[in-house]
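Architecture and fold: a report
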Amino acid sequence: MHFTYHIEGGNFAKAGDTSSQVKKTLKQLNVDGAVIKRTVVALYEAEVNIVAHAYEGIIDVEIDSEKIFIRLSDEGPGIPDIKKAMEVGYSTASAEVREMGFGAGMGLSNIQNNTDIFKITSVVGQGTILEITNQFLVH
Amino acid sequence: MNVCPTEAIRVSEGKARLSNNRCVDCGDCYRVCPVGAIIVEQDDFESIYKYPVRIALLPSVFAGQFTESVGPDEILGAILELGFSHVFEVEEGVEFLSGIFNEYIERTEIAKPLISPFCPAIVRLIQVKFPTLINHLLPLKAPVDITAMSVRKRFVEQGIPANEIGIFYVTPCAAKIVAVKSPVGEETSAVDGVINLNYLYNKTYKLIRGKRTHPPLPEVTTLTEKAICWSLTRGESGHIKQGRNLAIDEISNVIEFLEKLENGEIQGIDFLELRACDESCAGGILCPGNRFLTAEKLHDRARKVSQNNTEIKSALQDPNEIASFLRENMHTGKIMPRSIMKLDDSVAEAMIKMKRIYDLNRMLPQVDCGICGSPSCKALAEDIVQFGATLQQCIFVQKILEQNDKLDVRESVEIMRKIWSNTKLDKNSLKDEINEIQ
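Residues numbered from 1 in each chain as written. Chains lettered and ligands numbered in written order. Predicted model: local features only at pLDDT ≥ 70, side-chain atom pairs only at ≥ 80, totals over all residues.

**Some details on the overall build of chain A**
The number of helices and strands found in chain A is 5 helices and 5 strands. For chain A, the succession of helices and strands along the chain, N to C, is β-α-α-β-β-α-α-α-β-β. For 139 residues, the compact-globule estimate of 2.2 N^0.38 gives 14 Å, and chain A sits close to it at 14 Å. Its C-alpha atoms give chain A principal-axis dimensions of about 45 × 25 × 25 Å. Out of the 139 residues in chain A, the part that is buried amounts to 40%. Partitioning the contacts of chain A with sequence separation of at least 6, the portion at a separation of at least 24 is 60%. (Helix = DSSP H or I, 4+ residues; strand = E, 2+ residues; numbered from the N terminus. Rg over C-alpha atoms; globule rule 2.2 N^0.38 Å. Buried ≥ 20, exposed ≤ 12 C-beta atoms within 10 Å, placed from the backbone. Contact = placed C-beta atoms within 7 Å.)

**A short note on the overall build of chain B**
Along the backbone of chain B there are 17 helices and 9 strands. Projecting the C-alpha coordinates of chain B onto the three principal axes gives extents of approximately 80 × 60 × 40 Å. Taking all 438 residues of chain B together, the buried fraction comes to 40%.

**Things to note about the sheet that holds strand E1 (residues 2-8) of chain A**
Residues and elements named next belong to chain A. Reading across from one edge, E1-E2-E3-E5-E4 is the order of the 5 strands in this open sheet, with antiparallel pairing throughout. In the strand order of this sheet, the two ends are held by E1 and strand E4 (117-123), each with one partner. Each strand axis lies, on average, 10° off the axis of its neighbour in the sheet, ignoring direction. Where strand E2 (residues 56-63) lies against strand E3 (residues 67-75), 8 bridges are found, and the strand directions are antiparallel. Considered in E3, the bridge of Val 61 is made with Ile 70. (Pairing = 2+ DSSP bridges. Axes fitted to C-alpha atoms, helices over the stretch in contact; angles between N-to-C directions.)

**Looking at the interface of chain A and chain B**
Across the contact, 19 residues belong to chain A and 20 residues belong to chain B. Put simply, the parts of the chain that give the side of chain A that touches chain B at least two residues each are helix H1 (17-28) and helix H2 (33-53) of chain A. Counting residues per element, the side of chain A that touches chain B draws most heavily on H2 of chain A, at 6 residues.

**What to know about the nonpolar core**
With 91 residues, the main nonpolar core has Leu 57, Phe 168, Val 170 and Val 191 of chain B as its most contacted residues. If you tally residues by element for this core, the top one is helix H7 (residues 174-181) of chain B, at 6 residues. Each residue touching Val 170 of chain B, except ones within four places of it in the same chain, is listed here: Ala 56, Leu 57, Leu 58, Pro 59, Phe 62, Ile 195, Leu 197 and Leu 200 of chain B. Within the second largest apolar cluster, 32 residues are counted, among which are Ile 36, Val 41, Ile 111 and Leu 130 of chain A. (Core = buried A, V, L, I, M, F, W, Y, C linked by C-beta atoms within 7 Å.)

**Some points on the sheet that holds strand E6 (residues 165-171) of chain B**
Through backbone hydrogen bonds, the strands of a sheet pair up, either in parallel or in antiparallel fashion. Residue and element names in this part refer to chain B. Spatially, 4 strands are ordered E4-E3-E6-E7 in an open sheet, and the strand pairing comes out parallel. The open sheet has two edge strands, strand E4 (86-89) and strand E7 (193-196), and neither has a second partner. For this sheet the average axis-to-axis angle between neighbouring strands, irrespective of direction, equals 30°. Here helix H8 (residues 197-209) sits on the sheet and contacts E6 and E7; the angle it forms with E7, its principal contact strand, is near 60°.

**Focus on the pairing of strand E1 (residues 9-12) of chain B**
Residue and element names in this part refer to chain B. Bridge count between E1 and strand E2 (residues 15-18): 4 bridges; the pairing is antiparallel. By the bridge assignment, Arg 10 is partnered in E2 with Arg 17. Hairpin geometry of E1 and E2 is characterised by an intervening segment of 2 residues between the two adjacent antiparallel strands and by a positive phi of about 50° at Glu 13.

**Side note on unusual backbone geometry**
All names here are of chain B. Omega for the peptide link from Lys 112 to Pro 113 comes to -5°, which places this bond in the cis form. One non-glycine residue with positive phi stands out, namely Glu 7, at about 50°. On the neighbour-count criterion, Glu 7 (18 C-beta atoms within 10 Å) is partly exposed. For Glu 250, which is not glycine, the phi torsion reads 85° and is therefore positive. You can see Glu 250 is positioned in the loop between strand E8 (245-249) and helix H10 (251-262).

**Considering helix H3 (residues 72-81) of chain B**
Residues and elements named next belong to chain B. The complete set of buried residues in H3 reads Glu 74, Ile 75, Leu 76, Gly 77, Ala 78 and Ile 79. Packed against the buried residues of H3 are strand E3 (53-58), helix H2 (60-63), E4 and H8. Just downstream of H3 lies Gly 83, where phi reads positive at about 135°.

**Thoughts on H2 of chain A**
Helix length check: H2 of chain A, at 21 residues, gives a terminal C-alpha distance of 30 Å against a target of 30 Å (1.5 Å per residue), a fit within 8%. The element H2 of chain A is largely enclosed, with a buried count of 17 among its 21 residues. (Expected span 1.5 Å × (residues − 1).)

**Observations regarding the confidence of the model for chain B**
Considering every residue of chain B, the mean pLDDT works out to 89; 96% of them sit at 70 or more. Taken together, the chains of this predicted complex give a pTM of 0.88 and an interface ipTM of 0.78. (pLDDT = per-residue confidence, 0-100.)

**Quick notes on the environment of Gly 373 of chain B**
Residue and element names in this part refer to chain B. Tracing the backbone through its elements, the reader meets Gly 373 in the loop between helix H13 (347-363) and helix H14 (377-387). Separated by 361 residues in sequence, Gly 373 and Ser 12 have C-alpha atoms that sit 6.3 Å apart. Among residues more than four places away in sequence, those in contact with Gly 373 are Arg 10, Val 11, Ser 12, Gln 393 and Ile 419.

Below, the structure is given as structure tokens:
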């Protein structure tokens, strides 16, 4: 099953909409609550990253009976040093974004902590692609 | 049908039917139903006479229904005259509970924010819609249970056999009635019956108004400021000593907030007071008075208690004396999830159903008119897959089929009859008028 969502950069009021949609779908599919929680926390962080840093982005969600795979690709500045960006507390978010309660620099590591498979690639000046997978537990 | 926050109502054979699984007893349908079709289950008032000792537990919002001119002693006197042998205020148990709340807040090993279990409609909402947040619910009983346990203990200690004590809770809402009839996480309830607040208000008011002279009035016990306002919005959260806390009332506000909390969008909150009704219990569906005026009256009463430095005369025995008894009995059993969201137990099956629902939903007009008997187009699509509803229940689908000679008028009328019964279709008395419109 496939879903596609478009994300508008800079629109914080809508940040979280995709996460809510995906959460609802996973609940309907009777996916284990702990897996839903991990997935939604990771997705929300990633969604906010697009809103905070990129111009626009696309979230592709692929669900089968065993796992959820999410691919977030954005057009944006890209990440020059991914290793550094993964460090807890490191953030390039503007003061304005921080003012809104985002950009604490926990994002990428938090996403990684909440996913089974985490893959990130980025080209400076073009954008970032983040791919995450979570396995469903068998009931 | 479409005010229900959990889409628990369907119409068939002319009647609104509530799904027990989905309903959280918030009472929003009761509030809006134009024909009074939603009935609140309650105990017969006469059932109090089964017990020699008949105790009424009155919530503080009860006195808030009366005008200024009616004194608390008159209310109390009237209730005793109506047949109760003793009256206690529900919020007696509050002082004890608020201490326990603060103990929980200090514990760092439990998931925050802690969610108050005070409002039973909220507990059920979390069970059915936000099962991942169940472990945030404080595993504690409500003030009414704490008070009822204390009262019963006191009378038993005075030598009255337990089966001769009848404790009746006067309730401002439907959710509390269900909480007594089928408690969540408990085998039995601490009270023996429930009395509809509106019913008792009418009886009490009539008695007070009809009187020229009053019999000697009983002495009224007092509650603390905190206890008086506990059931109002910010009643609980205002007394949490540590960390960040929020009070949210009205069920759709609560749902909006819990959605965000569940996504991890909201962080750093330690305690949440959540209430299903606007203005909390002052806005309970069984409260006849205006909720804002009721809240004002309670705040006034609380202010007077603090200004006059009123000595608090608890009707119960020394709270310290029974604290250890209450501590042993204050916990609820495990609260289980009751998800209404899942389409099937198996993920693979659920995916097949979801695909079908998606395909069916695309054929529907998305106007959510409710004529099909389901609250929205999406809900009808789900009902087709899950509960044997049919696509032909949709009036737009009927028109499309009629255009293509796939359905004749007789058949479509029959479908409508099954949903709405004859009453909506056989307007015989108005037939001439309707025909004239042409």
